[in-house]
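Next come the chains, spelled out residue by residue.
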Amino acid sequence: MSASPLLSQLIEALRCLPGVGQKSAQRMAYHLLERDREGGLRLSAALAEAVENVGHCDTCRDFSETPVCAICASGSRERGLLCAIETPADRLAIEAATGYRGLYFVLQGRLSPLDGIGPRELGLDRLAARLAQGEVRELIIATNPTVEGEATAHYLAQLAHQAGVSPSRLAHGVPLGGELEFVDRGTLAHAFGSRTQITS
């Protein structure tokens, strides 16, 4: 006997979340209906409100409920530093783990021609215009160390050079506190190839 049409619809809707397959969606749906209908209503209201009211900052492309997000509007941020990141989640990670006080540009992805994601989809025309304004001194490139992330980083570095802005790249390699024998070969090779001089 099949589930009710509304239950099937809820399960199918939950499957749009990353990493959620049929079984996980079914467990979530049953949990909400059996044990937490009030939580389900809160989830539904919060999701509807966020989808309706959260857009993108006109300046950095991060998620924002206003045309300019709080970070871009802040007078206490260092406007000469601009960090290019792939996703809004990357901004949260940098804000939580570092003392970075500059601004951001959220690409909302990375270059991937096979998936139809080119410079226009990443807003690189807007980034180039921002770099050309002359306020930014350094573009910190914080894309992920994947093939697409490295290609994106190379493209961003070229944009920075064209605008007379100094590009820098986040360091990659052996984690702090890690032991060489336990580091994977790719990471160790990259770290070895990207070694830096120690100055006195």
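Residues numbered from 1 in each chain as written. Predicted model: local features only at pLDDT ≥ 70, side-chain atom pairs only at ≥ 80, totals over all residues. Heavy atoms only, no water.

- The name given to the protein chain in an unreviewed UniProt entry is Recombination protein RecR, with Arenimonas soli as the source organism.
- Taken directly from UniProt, the Function (unreviewed entry) text for the protein chain runs: "May play a role in DNA repair. It seems to be involved in an RecBC-independent recombinational process of DNA repair. It may act with RecF and RecO."
- For the record of the protein chain, the UniProt heading Sequence similarities (unreviewed entry) holds the text "Belongs to the RecR family." (UniProt positions renumbered as here; feature names shortened; annotations may be inferred.)

## Structural notes on the packing of aromatic side chains
Argument step 1. Overall, the coordinates contain 1 aromatic pair when judged by the stated rule.
Argument step 2. With a centroid separation of 5.3 Å and 70° between ring planes, the pair formed by Y100 and Y104 is classed as edge-to-face.
Argument step 3. What makes Y104 buried here is its relative accessible area of 1%. (Phe/Tyr/Trp six-rings, centres within 6.5 Å; stacked < 30°, edge-to-face > 60°. Buried < 20%, exposed > 50% of the residue type's maximum accessible area, 1.4 Å probe, protein only.)

## Some thoughts on the UniProt feature "zinc finger region: C4-type" (unreviewed entry) in the protein chain
Argument step 1. UniProt's feature table lists "zinc finger region: C4-type" (unreviewed entry) at residues 57-72, given in the numbering used throughout.
Argument step 2. Counted over residues 57-72, helix gives 19% and strand 12%. Its end C-alpha atoms are 8 Å apart. (Helix = DSSP H or I, 4+ residues; strand = E, 2+ residues; numbered from the N terminus.)

## Considering the pattern of salt bridges
Argument step 1. Under the counting rule described, the total for this entry stands at 10 salt bridges.
Argument step 2. The closest approach of N and O atoms between E38 and R42, which form a salt bridge, is 3.4 Å. Of this pair, E38 and R42 both sit in helix 3 (residues 37-53), 4 residues apart, which is roughly one turn of that helix. Per residue, the accessibility class of E38 equals that of R42, and both read exposed.
Argument step 3. Close ionic contact of R169 with E150 constitutes a salt bridge, the shortest N to O distance being 2.9 Å. Residue R169 is found in strand 6 (residues 166-169), and its partner E150 is found in helix 7 (residues 147-162); the two are separated by 19 residues along the sequence.
Argument step 4. According to the relative accessible area criterion, R169 is partly exposed, its value standing at 27%. (Salt bridge = Lys/Arg side-chain N within 4 Å of Asp/Glu carboxyl O.)

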